[in-house]
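Commentary on secondary and tertiary structure
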Amino acid sequence: MSQYNQLVNAAESSVELVNILRDWRGPLSDYNADVFIPILDGLNPSRSTLVYAQVLVDALNLAATTDEFATLAEPLSALAKQAQFEQLAQFPEILRRLVHVIRRVAQLSENSAYACGVLIDMVGTLNEQMALTRLPPISVDDIKRHRQRLGTGSNHGVRLTPLHIECLRLCLLANRRTLHERAAQTVLATRLDAIGRLDGQRLRPFLEYHYYAGMVYVGLQQTEQALHMWRMVFAVPTRHVSAIQIETFKRFTLTHALVHGSRGSLPPMFVPAHVRPIESQAAAYVALADACASKQIGLAVKTLHDVHRELSSDGNLGLATRLINELPAHCVRNCAGVYTRLPLERLTQIICFNEHPLGNSGQQGGAEAALGRYIQGMHDPCVVLEDSDGVMAVRYVDARATVSPTFGDGETPRGVPLEAQWSQAIAAKVNEANALQNYLQEVDQHLALTRDYTTRSKETV
């Protein structure tokens, strides 16, 4: 152990020292993790980030009990808050080593929440430092330099690291909303500036990052953000279909049907030849989404029953159940395209609510009463449940009329566009376009008559 300590004191900040410590075959296994505490106390995590990280990696690899992990909690927290990315960038392998030992800490201590919190702090620190290296916005006249910036060797701006991906993964394992919120604010809210070429080892981290990011947003009920992240998984060129893309497609299909009541489409830039293999691998999800998109409750319930086992093995049965529970809401709103008012009994027959588990649950009042309670629970201002002479009915309200009006003296309620207002707006746009056209003609005529323009035209000829 004294030889190890001498190496650390010999050259604290060199990359060569990290390689020496990594390849050192001394009898470290004969020691406990707590013997590294004095070495870590003698190092500055800000000035000697590389060496501090490697020593901490060695200590965490030897830790085997909860008490030993507890003794290393303070050094790990210090590294998370004081790490310098400039030093870590000299030896990127150290990031993968940190991911490995932090994953080991989470598994052995059975405390993914703690490990996730440490990674969130570390990623937040690195993101702040990487953001300082962002290049200023470029002008239109500097396109060539712009291409160089986005090349494979870009070292500017926030870059995707293994810590980002492991942070999101542990966040999902911890399954705590507070960690989801912190990850969204710290990790996901910071845009990535430099990714490099998306081939080989660079492609998988990109896919994993956006796959996990979508799942974090789903946990926060931010489904549109989740769908956007999952679309990014299909926005990269690939030679072959990735298993990550297949798993992403499954969740994307269910979530899109849950939010919009229809089956989502992949980005147009995705390779068309890869669509069929992905859909064939996720045939159960496609069938369920198509059944929900047809607004046939009975068919959707039957399809879920048929593919129940496959969805359960994938861990997506809960999401599919939410989709079935939300399907009547899409069916109710879909009737607004044909009807303005419907008796509740008639609406129950149209959407076949009695075929839904909530409609044939045997509660008092039957399917009609169950649908009434369901509509009240929707809290949709465009779907109003009212009692007309003892007959329950559903009245559909135009979405534009649900905006809270602000009345003044003789003013028209805001948010309710009238035909005259639309005509005035269109006329104003036409006048604006005509005025702009006249201005451009005057400018063009002025330039054509100037001596400078004439001289340049002669030189060009």
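Scroll up a little and you will see the structure.
From a predicted model like this one, the values you see are computed outputs, not experimental measurements.

Opposite charge on two side chains lets them pair, provided their charged atoms get close. Going through the model one piece at a time under the given rule, you end up with 14 salt bridges. The partner of aspartate 380 in a salt bridge is arginine 333, with the nearest N and O atoms 2.7 Å apart. Residue aspartate 380 is located in the loop between α22 (366–378) and β2 (383–388), and its partner arginine 333 is located in helix α20 (residues 317–334); the two are separated by 47 residues in the primary sequence. One salt-bridge network, in which partners are shared between bridges, spans Arg103, Glu166 and Arg169.

Between helix α9 (residues 112–131) and helix α12 (residues 177–188), the shortest axis-to-axis distance is 9 Å and the interhelical angle comes to 15°. Here α9 lies roughly parallel to α12, going by the angle between them. Judged by the sense of rotation from one axis to the other, the crossing of α9 with α12 is left-handed. Residues Ala113, Cys116, Gly117, Ile120, Asp121, Val123, Gly124 and Asn127 of α9 form the contact with α12, whose own contacting residues are Leu179, Arg182, Ala183, Thr186 and Val187.

Per the stated rule, a full pass over the model turns up three aromatic pairs. Centroid distance phenylalanine 234 to phenylalanine 270: 5.3 Å. Interplanar angle 85°. Geometry classified as edge-to-face. With phenylalanine 234 in the loop between α14 (223–233) and α15 (243–260) and phenylalanine 270 in the loop between α15 and α16 (275–281), this pair connects stretches of sequence that are 36 residues apart. Note on accessibility: phenylalanine 234 and phenylalanine 270 belong to one class, buried.

Take the sheet that holds β2 next. Taking strand neighbours across the sheet as the criterion, the three strands line up as β1-β3-β2 in an open arrangement whose pairing is antiparallel. Of all the strands in the sheet, just β1 (341–343) and β2 have a single pairing partner and so form its edges. On average, each strand axis in the sheet is inclined to that of its neighbour by 30°, with strand direction left out of account. Two strands pair when backbone bridges link them, and β1 and strand β3 (residues 391–396) are joined in this way by three bridges, in the antiparallel orientation. If you follow proline 343 over to β3, its bridge partner there is alanine 393.

So, about the nonpolar core. If you look at the biggest cluster of nonpolar residues, it comprises 122 residues, and the most contacted ones within it are Leu72, Leu163, Leu168, Leu288 and Leu347. Among all residues touching leucine 288, those that are not within four sequence positions of it are Leu254, Ala300, Thr303, Leu304, Leu311, Ala320, Leu323 and Ile324.

Close contact between α20 and α22 brings their axes to 11 Å; oriented N to C, the two are set at 90°. Judged by the inter-axis angle, α20 sits roughly perpendicular to α22. Contact residues: α20 offers Asn325, Glu326, Leu327, Pro328, Ala329, Val332 and Arg333, while α22 offers Leu371, Tyr374 and Met378. Residues of the contact of α20 with α22, tallied by class, amount to seven nonpolar, one polar and two charged.

A word on a nonpolar patch on the surface. A cluster of nonpolar side chains, namely Leu436, Tyr439 and Leu440, defines an oily patch on the protein surface of about 340 Å² accessible area. Position of tyrosine 439 among the secondary structure elements: in helix α23 (residues 419–449).

We now examine unusual backbone geometry. Of note in this structure, lysine 295 is not a glycine but carries a positive phi near 60°. With a relative accessible area of 22%, lysine 295 lands in the partly exposed category. Even without being glycine, cysteine 352 reaches a positive phi, approximately 55°. Relative to the assigned elements, cysteine 352 resides in the loop between α21 (344–351) and α22. In this structure cysteine 352 comes out as partly exposed when scored by relative accessible area, which is 29%.

What counts and what doesn't
- All residue numbers refer to positions counted from 1 along the written sequence of the respective chain.
- Reporting of local features is limited, given that this is a predicted model, to residues whose pLDDT is at least 70; pairs of side-chain atoms are given and counted only at 80 or more, and all residues count toward the totals for whole chains, interfaces and linings.
- To obtain the side-chain values, all non-hydrogen atoms of the structure were used and water was disregarded.
- By salt bridge we mean one thing: a side-chain nitrogen of Lys or Arg within 4 Å of a carboxyl oxygen of Asp or Glu.
- Helix numbers and strand numbers start at the N terminus; a helix is a DSSP run of H or I with at least 4 residues, a strand a run of E with at least 2.
- Lines fitted to C-alpha atoms define the axes here, with helix axes fitted over just the stretch in contact, and angles between the N-to-C directions of these axes take values from 0 to 180 degrees.
- Roughly parallel covers angles under 35 degrees, roughly antiparallel covers those over 145, roughly perpendicular covers 65 to 115, and oblique covers all other angles.
- Take the far helix as the reference: if the near one is turned anticlockwise from it by less than a right angle, the crossing is left-handed, and if turned clockwise, right-handed.
- Should any heavy atoms of two residues lie within 4.5 Å, those residues are counted as being in contact.
- The criterion for an aromatic pair is that two Phe, Tyr or Trp rings (for Trp, the six-membered ring) have centres within 6.5 Å, with stacked assigned to planes under 30 degrees apart, edge-to-face to planes over 60 apart and tilted to the rest.
- With a 1.4 Å probe rolled over the protein chains alone, any residue whose accessible area is under 20% of its type maximum counts as buried; one over 50% counts as exposed, and the rest are partly exposed.
- Two strands qualify as a pair provided DSSP detects at least 2 bridges between them.
- Side-chain atoms within 4.5 Å link the members of a nonpolar core, which is a set of buried Ala, Val, Leu, Ile, Met, Phe, Trp, Tyr and Cys residues.
- When residues are sorted by character, Ala, Val, Leu, Ile, Met, Phe, Trp, Tyr, Cys and Pro go into the nonpolar class, Asp, Glu, Lys and Arg into the charged class, and all the rest, Gly among them, into the polar class.
- Patch members must show over 30% relative accessible area and no salt bridge, and they are joined within 9 Å when carrying like charges or within 5 Å when they are nonpolar side chains of Val, Leu, Ile, Met, Phe, Trp or Tyr.
- Each accessible area value is a Shrake-Rupley result obtained with a 1.4 Å probe; residue values ignore everything except the protein chains displayed when judging cover.

Taken by themselves, the reported measurements are silent on function.
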